[in-house]
Amino acid sequence: MPELPEVETTRRGIESTVVERAIERVIVREPRLRWRVPGDLAETLVGQRVQALSRRAKYLLFAMRHGTLIVHLGMSGSLRILPATTPPLTHDHLDIVLDSGLCLRFNDPRRFGCVLWTDADAELHPLLRDLGPEPLSEQFNGAALARAARGRRIAIKQLLMNSSVVVGVGNIYASEALFRAGIRPRRAAGRLKLAEFDALAKSIKQVLREAIRSGGTTLRDYVNADGMPGYFRQKLFVYERAGEPCRVCKTPIQHFVQGQRSTYFCRSCQR
Ligand SMILES: [Zn+2]
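Parameters at a glance
- Residues numbered from 1 in each chain as written.
- Predicted model: local features only at pLDDT ≥ 70, side-chain atom pairs only at ≥ 80, totals over all residues.
- Heavy atoms only, no water.
- Donors = N, O, S within 2.8 Å, 3.2 Å for Na, K, Ca; no water.
- Helix = DSSP H or I, 4+ residues; strand = E, 2+ residues; numbered from the N terminus.
- Buried < 20%, exposed > 50% of the residue type's maximum accessible area, 1.4 Å probe, protein only.
- Salt bridge = Lys/Arg side-chain N within 4 Å of Asp/Glu carboxyl O.
- Disulfide = S-S within 2.5 Å.
- Contact = heavy atoms within 4.5 Å.
- pLDDT = per-residue confidence, 0-100.
- Phe/Tyr/Trp six-rings, centres within 6.5 Å; stacked < 30°, edge-to-face > 60°.
- Lys NZ or Arg CZ within 6 Å of the ring centre and 35° of its normal.

> Sorry if this is basic, but what is going on with the coordination of the zinc ion here?
Around a metal, the ideal angle is 109.5 degrees if four donors adopt a tetrahedral arrangement and 90 or 180 degrees if six donors adopt an octahedral arrangement. Only C246 (SG), C249 (SG), C266 (SG) and C269 (SG) from the protein coordinate the zinc ion, and they sit 2.2 to 2.4 Å from it. In the primary structure, the donors to the zinc ion are separated according to the pattern C-x2-C-x16-C-x2-C. In this pair, C246 sits in the loop between α6 (194-213) and β9 (254-258) while C269 sits in the segment after β10 (261-265), placing the two residues 23 residues apart along the sequence. The exposure class assigned to C269 is partly exposed, which follows from its relative accessible area of 24%.

If you want it as structure tokens, here you go:
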């Protein structure tokens, strides 16, 4: 599943190609995504110019004069830049053809992604308005985590994956950040010390920055805007390494299922 680093990598990969470009044509081959692609999307977009491309959580926001195009990659989506004449492949559900002759092509085998339009402020859209702080922003730090965790018995890993606490910390990055901070994933969130929240917030930022720098994590069908896989996988300490020796202390990495998600940790490095 594309996580925050993959989405940010996509944003950076396509930004210079789409910003300032006018939309000439929109081709919808399959409107049945997670939510149906609006029937009048072409009518809305054609003739508009992309003013900026930003990201909020895992949503890509294409700001235009009359509103914002909201794109989510879901479980298996990707966006690529191609010459508009490139024949579409299976699962190439939508093209946004630019006045440069290139097109932005949305591919999504599992169709959990979405392509939506809003005339209003995108931040107030129902999908975005209740989201917590961005993990790489200043508002997100140890104190903010401690506030969100106060009095709560929920496991710390599950708290991190709650998008009203902080956005974009999915399973991989929650596991990796907990390892780096030396904290076991099952500990009750409300029982952590402030120093631990500080270490954890720092680890989250660090692991996400490193992943963005290496272009995201290679996971099955994820490819970035150029069609190249990310290289962060080689740097993972615990994720999907059950039974393999810890890269720090050689203890075999433990695995268990937590909230229906796989969790990995080192019982010697994490307390
Ligand atoms: Zn270890």
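> How do you make sense of the pattern of salt bridges when you look at a structure like this?
Between side chains of opposite charge, pairing is possible as soon as their charged atoms come close. Inspection of the entire model under this criterion finds 16 salt bridges. E8 serves as the salt-bridge partner of R11, at 3.0 Å between the closest nitrogen and oxygen. Taken together, the positions of R11 and E8, both in helix α1 (residues 4-18) and 3 residues apart, correspond to about one turn of that helix. Side by side, R11 and E8 carry an identical accessibility label, which is buried. Between E30 and R32 there is a salt bridge, with its nearest N and O atoms 2.9 Å apart. For E30, a relative accessible area of 14% puts it in the buried group. When its relative accessible area of 47% is taken as the criterion, R32 is described as partly exposed. Residues joined in a network through salt bridges with shared partners are E8, R11, R12, E15, R55, R56, E123 and E134.

> Can you walk me through the state of the cysteines in this structure?
Linking two cysteines covalently through their sulfur atoms gives a disulfide. The tally for this structure, following the rule as stated, stands at 0 disulfides. Looking at the unpaired C103, the closest cysteine sulfur is the one in C114, lying at 19 Å.

> Please explain the environment of L208 as it appears in this structure.
By the element assignment, L208 lies in helix α6. Separated by 84 residues in sequence, L208 and L124 place their C-alpha atoms 26 Å apart. With residues near it in sequence (within four places) discarded, L208 still touches P5, P135, L136, G168 and Y173.

> Explain the environment of Y239 to me, please; I cannot follow it from the model alone.
Relative to the assigned elements, Y239 resides in the loop between α6 and β9. Exposure remark for Y239: the relative accessible area of 11% places this residue in the buried category. The spacing of Y239 and H255 is 16 residues in sequence and 9.0 Å in space, taken between C-alpha atoms. When near neighbours in sequence (up to four residues on either side) are disregarded, Y239 contacts N171, I172, S175, E176 and Y264.

> Please clarify how the confidence of the model for the protein should be interpreted in this entry.
Any residue range with low pLDDT should be treated as having predicted coordinates unsuitable for detailed reading. Of all residues in the protein, 94% attain a pLDDT of 70 or more, and the chain-wide mean is 93. In this model, residues 218-222 is a region of pLDDT below 50 whose contacts with residues beyond four sequence positions or in other chains number 18 contacts.

> Looking at this structure, how should I read the packing of aromatic side chains?
The geometry of an aromatic ring pair is captured by two quantities: the separation of the ring centres and the angle between the planes. For the structure on display, the rule yields 3 aromatic pairs. For the ring pair F179 and F237, a centre distance of 5.0 Å and an interplane angle of 20° mean the geometry is stacked. Placement of the pair is F179 in helix α5 (residues 171-181) and F237 in the loop between α6 and β9, with a sequence separation of 58 residues. Its relative accessible area of 6% is what places F179 among the buried residues. Pairing Y239 with Y264 gives two aromatic rings, centres 5.4 Å apart and planes at 70°, and the pair type is edge-to-face. With Y239 in the loop between α6 and β9 and Y264 in strand β10, this pair connects stretches of sequence that are 25 residues apart. Of the two residues, Y239 and Y264, neither departs from the other in class, the shared state being buried. Above the plane of the ring of F256 lies R186, whose end atom (NZ or CZ) is 3.7 Å from the centre.

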